[in-house]
Amino acid sequence: MSPSAWLRGSRRPSWLSDPKVLRTEVLGGLVVALALIPEAISFSIIAGVDPAVGLFASFTMAVTIALVGGRPAMISAATGAVALVIAPLNREHGFGYLVAAVILAGVFQIVLGALGVAKLMRFVPRSVMVGFVNSLAVLIFMAQVPEMTDVPWPVYPLIAAGLAMMVFFPRLTGVVPAPLVSIVILTVITVAAGIAVPTVGDKGDLPSALPVPGLPDVPFTLDTLTTVAPYAFAMALVGLMESLMTAKLVDDITDTRSSKTRESLGQGVANIVTGFFGGMGGCAMIGQTMINVRVSGARTRLSTFLAGAFLMVLCIVFGPVVSDIPMAALVAIMVMVSVATFDWHSIAPRTLRRMPLGETVVMLVTVVCVVATHNLAIGVVVGSITAMVVFARRVARLAEVTAVTDPDGATVVYRVTGELFFASSNELVGQFSYATDPDRVVIDLSAAHIWDASSVAALDAVGTKYAQRGKTVEIVGLNEPSARMHKTLSGELAGG
């Protein structure tokens, strides 16, 4: 990537010239920072590390990606998907190996980004994207369920009040984000009235100082590399998958385009920085990104940078105050995010009646896989494979063969229409009348296209069967790419 492309967007940012934009970005970053704290602590627990490790990762990821990422306003921080990948490594080998894996994962992401892995996003169908969004909404809601079970009864009216404020407050004014108003009011109520409900402080101790850079405490040997490499590569793939899908989602919401290659490289840089500061690594956070972009209306890198900066300020300077925030306030925000994220139009009866069955199946498969595994990357991969199978079956049926015999009865012309590839060409051989056809056979491919070796092999097999009966076959009408492939492969394939 050229320096000019990397530095694109270095023009005077809009928040410097528009006070409204500045206010939106600052308040959006503050809301995200408040929402990040319990999430980061929870993911630290999943990874089996101290809560400060997740909070440091969220700080360094957000600040770094704000500078080097390709998608403005997207939030990157410690995530559950990454925590699940590296938890076994930490459990079996220790924290030093986890940090080494985070750094190596960043290197892998830079390499994959440079190789153009972001271009693979074009092969993700819309039905998979819809399934991705819907499963994300389901996972966000499911993550809140533990905060709503076996809790004191005041939690429920607090959640209801938080939801009501986020629904009705924007109708009064949009100057201050409704989630921030909800957090402040519910915190004041619970503290002033002495209501005993779970708070952010119950999740774990907040750090009291900034992270210090250093090298991972591991032996720098080949054994260490072979130990951490599989986990690092898995983390790199999962992180890129979630980040690129989230970037695509934000592109759609904001009607803007972003550089997926720069985002891939930026994720790698952010994880390397995070590893050297002793963080657990991460990737794009879809829930927090939706808070920032959809709920708060942020659109620039400033909100992402401030989310990380405010996170550390809140932990180090205002730790006691932040610890008193009721979890009910944050649960209400995430429930609202899940409702806003879900594509309700995709499951409307009118949509389902008009949508091809295959598209609906792909969407459902994606949702089921993600919800079952709690891994968005697995769902996207399985959904994309399902979509390819559905597409192949659909296209295979479009290949047709029709025969017309000349009046003199000496020649028969077979006209092949459609796309010839492994799925459609397998049935091609059986659509000719070898025994009863006249001595001269013409196969007209002017309305067809040869895509692979399977199709060439099938045409060779047809020719062989006619030759065994002393009949000649002529293939006509090939377009240039098809003719080139046929000329190169015909007669060279086993069994041809």
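Residues numbered from 1 in each chain as written. Predicted model: local features only at pLDDT ≥ 70, side-chain atom pairs only at ≥ 80, totals over all residues. Heavy atoms only, no water.

Caption draft 1: Seen up close, the pattern of salt bridges. Going through the model one piece at a time under the given rule, you end up with 6 salt bridges. When the shortest N-O distance is used, the salt bridge between Arg-415 and Asp-444 registers 3.1 Å. With Arg-415 in strand E4 (residues 411-420) and Asp-444 in strand E5 (residues 440-450), the pair connects residues that are 29 residues apart, well separated along the chain. Judged by its relative accessible area of 37%, Arg-415 falls in the partly exposed class. One salt bridge in this structure joins Glu-480 and Arg-484, with 3.5 Å as the shortest N-O distance. Here Arg-484 and Glu-480 lie together in helix H21 (residues 480-489), a separation of 4 residues that amounts to about one turn. (Salt bridge = Lys/Arg side-chain N within 4 Å of Asp/Glu carboxyl O. Helix = DSSP H or I, 4+ residues; strand = E, 2+ residues; numbered from the N terminus. Buried < 20%, exposed > 50% of the residue type's maximum accessible area, 1.4 Å probe, protein only.)

Caption draft 2: Representation of the pairing of E4. As paired elements, strand E3 (residues 400-405) and E4 share 6 bridges and run antiparallel to each other. Among the inter-strand pairings, Val-401 is bridged to a residue of E4, identified as Val-416. Following E3, the chain reverses through 5 residues before pairing antiparallel with E4; Gly-409 in that reversal takes a positive phi of roughly 75°. Of the strand pairs in this sheet, E4 and E5 are connected by 9 bridges, and their pairing is parallel. Paired with Tyr-414 across the two strands is Ile-443, which belongs to E5. (Pairing = 2+ DSSP bridges.)

Caption draft 3: Structural context of the packing of aromatic side chains. Scanning the model with the defined rule gives 7 aromatic pairs in all. Ring geometry for Phe-108 against Phe-233: centres 5.5 Å apart, planes inclined by 90°, an arrangement best described as edge-to-face. In this pair, Phe-108 is assigned in helix H6 (residues 95-114) and Phe-233 in helix H10 (residues 222-254), connecting sequence segments 125 residues apart. For Phe-108, a relative accessible area of 24% gives the class partly exposed. Aromatic pair Tyr-434 and Tyr-466: ring centres 4.8 Å apart, planes at 55°, arrangement tilted. Of this pair, Tyr-434 sits in the loop between helix H19 (422-425) and E5 while Tyr-466 sits in helix H20 (residues 453-467), placing them 32 residues apart in sequence. (Phe/Tyr/Trp six-rings, centres within 6.5 Å; stacked < 30°, edge-to-face > 60°.)

Caption draft 4: Region of the structure containing the pairing of strand E6 (residues 472-476). Two strands pair when backbone bridges link them, and E5 and E6 are joined in this way by 5 bridges, in the parallel orientation. Bridge pairing in E6 places Val-442 opposite Glu-474. The β-α-β motif built from E5, the intervening H20 and the parallel element E6 has right-handed crossover chirality. (Right-handed = clockwise from strand over helix to strand, strands pointing away.)

Just distances and angles here, no functional claims.
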